[in-house]
Amino acid sequence: MEETEASLLHQFPLLLPQNRAKTVYEGFITTQGRDFHLKILLPKDLQLKNARLLCSWQLRTILSGYHQIIQQRMKHSPDLMSFMMELKMVLEVALKNKQEIHALPPPPQYYSSLIEEIGILGWDKLVYANSCFSTIKLKAEDASGREHLITLKLKAKYPIESPDCFVDFPVSFSVSWTPQSSIISIHSQFLAALESLKTFWDVMDEIDEKTWVLEPEKPTRSATARRIAVGNNASIHIEVDPRHPTMLPECCFLGADHVVKPLGIKLSRNIHLWDPENTLLQNLKDVLEIDFPARATLEKSDFSMDCGICYAYQLDGAIPDQVCDNSQCGQPFHQICLFEWLRGLQTSRQSFNILFGECPYCSKPITLKMSGRKP
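What counts, and where the lines are drawn
- Residues numbered from 1 in each chain as written.
- Predicted model: local features only at pLDDT ≥ 70, side-chain atom pairs only at ≥ 80, totals over all residues.
- Heavy atoms only, no water.
- Core = buried A, V, L, I, M, F, W, Y, C linked by side-chain atoms within 4.5 Å.
- Buried < 20%, exposed > 50% of the residue type's maximum accessible area, 1.4 Å probe, protein only.
- Contact = heavy atoms within 4.5 Å.
- Pairing = 2+ DSSP bridges.
- Helix = DSSP H or I, 4+ residues; strand = E, 2+ residues; numbered from the N terminus.
- Axes fitted to C-alpha atoms, helices over the stretch in contact; angles between N-to-C directions.
- Parallel < 35°, antiparallel > 145°, perpendicular 65-115°, else oblique.
- Salt bridge = Lys/Arg side-chain N within 4 Å of Asp/Glu carboxyl O.

Draft legend 1. Fine view of the nonpolar core. The biggest cluster of nonpolar side chains holds 50 residues, and the ones touching the most others in it are Leu152, Phe169, Ile207, Ile236, Ile238, Leu280 and Phe292. Look past the residues within four positions of leucine 152 in its chain and what remains in contact with it is Ser134, Thr135, Ile136, Leu138, Asp164, Cys165, Ile183 and Ile186. Counting residues in each nonpolar core, the second largest holds 26 residues, with Leu42, Leu80, Phe83 and Val90 among its members.

Draft legend 2. Spatial organisation of the sheet that holds strand S10 (residues 225-231). The four strands lie next to each other as S9-S10-S11-S12, forming an open sheet whose pairing is antiparallel. The open sheet has two free edges, formed respectively by strand S9 (213-215) and strand S12 (250-254), since each of these has just one partner strand. The sheet shows a mean angle of 30 degrees between the axes of neighbouring strands, taken without regard to direction. As paired strands, S9 and S10 are joined by two bridges and run antiparallel to one another. Residue pairing for S10: valine 213 is matched across the bridge by isoleucine 228. The strands touched by helix H7 (residues 198-210) are S9, S10 and strand S11 (234-239); relative to S10, the strand with the most contacts, the crossing angle is about 35 degrees.

Draft legend 3. Seen up close, unusual backbone geometry. With an omega of 5 degrees, the peptide bond between tyrosine 158 and proline 159 qualifies as cis. Counting through the fold element by element, proline 159 comes out in the loop between strand S7 (147-153) and strand S8 (164-167). In this model, glutamate 215 is joined to proline 216 through a cis peptide bond whose omega is -10 degrees. Here proline 216 lies in the loop between S9 and S10. The phi dihedral of glutamate 289 falls on the positive side, at around 60 degrees, and the residue is not glycine. As for its placement among the helices and strands, glutamate 289 is situated in the loop between helix H9 (280-288) and strand S13 (322-323).

Draft legend 4. Seen up close, the side chain of serine 348. Within the secondary structure, serine 348 is located in the loop between helix H10 (335-343) and strand S15 (349-351). Setting aside anything within four residues of it in sequence, one finds serine 348 in contact with Leu342, Phe356 and Gly357.

Draft legend 5. Broad picture of the packing of helix H8 (residues 257-270) against H9. Between H8 and H9, whose axes approach to 8 Å, the crossing angle comes to 105 degrees. When the interaxial angle is binned, H8 and H9 end up roughly perpendicular. Two secondary-structure elements touch here, H8 through Leu263, Lys266, Leu267 and Asn270 and H9 through Asp286, Val287 and Leu288.

Draft legend 6. Fine view of the pairing of strand S6 (residues 135-141). The pairing of strand S5 (residues 126-129) with S6 spans three bridges and is classified as antiparallel. When the sheet's bridge partners are listed, tyrosine 128 is paired in S6 with lysine 137. A loop of five residues connects S5 with S6, the two strands running antiparallel in sequence, and phenylalanine 133 in this loop sits at a positive phi of about 55 degrees. Summarising the sheet, S6 and S7 pair through seven bridges and their orientation is antiparallel. The residue bridging isoleucine 136 from the neighbouring strand is leucine 152, located in S7.

Draft legend 7. Spatial organisation of the environment of proline 276. Structurally, proline 276 is set in the loop between H8 and H9. With residues near it in sequence (within four places) discarded, proline 276 still touches Thr246, Met247 and Asn283.

Draft legend 8. Region of the structure containing the pattern of salt bridges. With the rule as written, the count across this model stands at 14 salt bridges. Of the charged contacts in the structure, one is a salt bridge between aspartate 124 and lysine 125, with a shortest N-O distance of 3.6 Å. For arginine 269, the salt bridge goes to glutamate 289, with nearest N and O atoms at 3.2 Å. You can see arginine 269 sitting in helix H8 and its partner glutamate 289 sitting in the loop between H9 and S13, a full 20 residues away along the chain. Several salt bridges share partner residues, and in doing so they unite Asp142, Arg146, Lys198, Asp202, Asp205 and Arg221 into one network.

Pasting the structure below:
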């Protein structure tokens, strides 16, 4: 009890008991540099569910609309300290919402200059604008005909202050801005950035169209990684450099050792054949000496999709990437599923970050190397 009272005094030094029984507290609650007067009447058993909160007219006005929430918090708070912390949080939210509602609108020239700029740029480039023109979306096409969007969050002091720009790019996009700049100049810089990334998107689109991409299922324009099926429950994960998209990417093979080890050997042996003048996909075919199967042609028997333990494909965003090395089995598993399975077997053993046990399907030896991400 004394500890709670000490915490209350520390957090709310302007709120003090008015009698020995400590059933009446009066003072101020402080937030955002402002003090608000209030009084709390507690019953003899000090239970908050039967307490009364009396507010100054100023505090009552700010908290209008939050009466039900405050009553609920008071009913479920174990002590006065807990309730006061809850009340402070509600008050901060209420103040924030009041400030946003009563924020001064931009001057008329803000709107007239924006309308003029959009007219010069072309209304066909405008995809969206909210009612107060503080958020607008513009579109542009790159040289390959792909449509891209840029979202602008404009401030009341526009164009003195630069808008915040949001794009779906694999690299950062920073705008060169002066008080004389406009959304026209932003759109021009956006087009220049699209041109610089054209080759990267050409490379990624070819991979998406001509191979079976396992991850990500619906890649965004900012995604630089692809996990591509190569058949027999094996895949290759590549990380493409958006600035040098035709250079050799980071590669990681996933699957049973008897399938992926030969691929790793071919990559090391043929790396000298990599030609930056060719597309990335063509280079991968030449270096690995394989043809990547398309999703439409890959037989389900050649690439079992579901985990052999949970019988699902997607599990918390992960897909099966652990495969039994037995060529007669080759069953894939989620890392977390195989980890829990092996951990539950008395015959399993662990050496550093590697678990040794038996495959749930064929009972042949199987190993699980636990990555940095915790299963």
